[in-house]
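What follows is the residue order along each chain.
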Amino acid sequence: MGFIEEIARRRTFGIVSHPDAGKTTLTEKLLLFGGAIQEAGAVKNNKIRKSATSDFMEIERQRGISVATSVLAFFYKDKKINILDTPGHKDFAEDTFRTLTAVDSVIVVIDVAKGVEEQTEKLVAVCRMRQIPIIVFINKLDREGKDAFDLLDEVEQKLGLTTVPLSFPIGMGYDFKGIYNVWKEKLNLYSGENKQKISTGVEFTDIDKAELDDLIGADAATTLREELEIIREVYPSFNQEAYLSGDQQPVFFGSALNNFGVQELLDCFVEIAPPPLPKSSDTRLVKPDEKKLTGFVFKIHANMDPNHRNRLAFVKIVSGIFKRNFPYTHVRLGKKFKFSSPNTFFAEKKEIVDESFPGDIVGLHDTGNFKIGDTLTEGELMSFKGIPSFSPEHFRYINNADPLKSKQLYKGIDQLMDEGVAQLFTLEINNRKIIGTVGALQYEVIQYRLEHEYGAKCTYENIHVHKACWVDPDDDSNDEYKEFIRIKQKYLARDKQGQLVFLADSAFSIQMAQQKYPSVKLNFTSEFD
Ligand code: G4P
């Protein structure tokens, strides 16, 4: 198979949802269809359970699992499908945002009873900002839930999507009878037995046929006919261009646990989802079919063995063919590196590969040279855009609790920040270090890992910060900027890249600063034009 065909058959996507909507179950069922696993229960659930075990033990458990599930690849209908894992827990939302920079499309899972939940709203907002094509899967139809049309309305209103139902449920919960596949005009009937068995639908192009009444009962048949009429009249018809540009979102209904409606989703997905897309760098747009390799690091996974500080850097290939033992340029360091054992992922296994193609993810062993956002090329000096840091939600001073181990502490902090566990800010006025995180859980992770992997101890101290704003002066020599720096001195810090950050103590102080110093722009993400 040639280079162009290899690119064309790749589908790299992420599944996003609020915890418990059924992301893990759906992932597993997709792998079952692809023949990559033989039985249900094989994909471990990597969500963090706040239960009897203490948080950091739980995080270690989760970390072990998520190495294996970071990328799950399988073949289906001759397409190579790469599913990138996204943590559902809100404290790890930043990981998910970064993973979304490496996907070409997403499937959003929604619980039919709970509807659109908070985490889904946040993640879909990021997908929409980047115009990532989205397919919605409404799950758990075997349970009582919200009316299908009400849910479509809710998805449109809360998520700002334009829905196009490509399948529609016949009843739900106790009365759940099946799914009508609008996309392929097929009827798929549900039977509660053989929960893990994969069933195939029956052709049913003419829903006015009396046979429908025999199959699902006269009442359900009448309702279905009316509902399909509404779908035809009220919703736009499917348009692939609109889906690919993020202007229209197909919706499927089903029950992942019962393997129902999943095949419809997957069959449509492989037909309509985009192959690897071009990506912007700081100098130009890079197309997947360019001969020379380019790629970027979107995730770094620390080794579970504390004695070996070896890490795995996950690189999304944007263009060219990644070859084992070929010297690639690490643009930020301006150095060449060869990789003798790049990993690729298949189902839950990872293996060494000689070649990988655009859309694929390779795992590179790293001893501390990579950080998130780094670009690899064949010599071209350019960097991919689009992996910004967002303002953390929590801020604490970090103090060294063992003066003899300060070297270990700083090395540990440095490496954990490169992995993207949290963000480090150094106050301009006194060099004190502040750790900013998305969730409170990360403080435990950092403390635990510093101790177990680096032999260093730390304590935290509260500091009142509302938000971090990246400072962008129109002109850093003007008096307004100098005045801003002088007045706000005690709130100014540098992030790890050396960018200036204003650690505002309230929404009011941001507003005041914006009014008083209009030429000094305050950004809520670290990447701005
Ligand atoms: P997540 O990754 O999005 O967090 O969700 P996960 O797949 O772990 O599913 C959350 C719970 O919802 C699980 O139950 C799972 O079995 C259940 N579930 C998933 N899909 C369906 C469905 O179609 N119908 C029904 N009725 N339930 C579904 P659990 O009891 O929390 O976990 P487990 O003990 O079954 O693993």
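Heads up: the structure comes first, above all this text.
A quick note: this is a predicted structure, and the numbers were derived from the prediction, not measured.

Turning our eyes to something else, we now look at the pattern of salt bridges. Under the criterion given, the structure shown has 30 salt bridges. Its salt-bridge partner being K77, residue D267 comes within 3.1 Å of it at the nearest N-O pair. With D267 in helix α10 (residues 262-272) and K77 in the loop between β2 (71-76) and β3 (79-84), the pair connects residues that are 190 residues apart, well separated along the chain. Its relative accessible area of 54% is what places K77 among the exposed residues. In this structure, R311 and D366 form a salt bridge, with 3.4 Å as the shortest nitrogen-oxygen distance.

Around the ligand, 18 residues are found, and the nearest of them are D20, K23, T24, T25 and S255. With three residues, helix α2 (residues 23-33) is the largest single contributor of residues to the shell around the ligand. Across the shell around the ligand, the residue classes break down as four nonpolar, eight polar and six charged.

Across the eight residues of strand β1 (residues 10-17), eight count as buried, placing the element largely inside the fold. Here β1 shows two buried faces, one formed by R10, T12, G14 and V16 and the other by R11, F13, I15 and S17. Strand direction decides the pairing type here: β1 and β3, joined by five bridges, are parallel. Within β3, the position partnered with G14 by the bridge is L84. Note: β1 against strand β4 (residues 105-111), five bridges, orientation parallel. Counted as the bridge partner of V16 is V108 from β4.

What counts and what doesn't
- Residues numbered from 1 in each chain as written.
- Predicted model: local features only at pLDDT ≥ 70, side-chain atom pairs only at ≥ 80, totals over all residues.
- Heavy atoms only, no water.
- Salt bridge = Lys/Arg side-chain N within 4 Å of Asp/Glu carboxyl O.
- Helix = DSSP H or I, 4+ residues; strand = E, 2+ residues; numbered from the N terminus.
- Buried < 20%, exposed > 50% of the residue type's maximum accessible area, 1.4 Å probe, protein only.
- Near = heavy atom within 4 Å.
- Nonpolar A, V, L, I, M, F, W, Y, C, P; charged D, E, K, R; others polar.
- Pairing = 2+ DSSP bridges.

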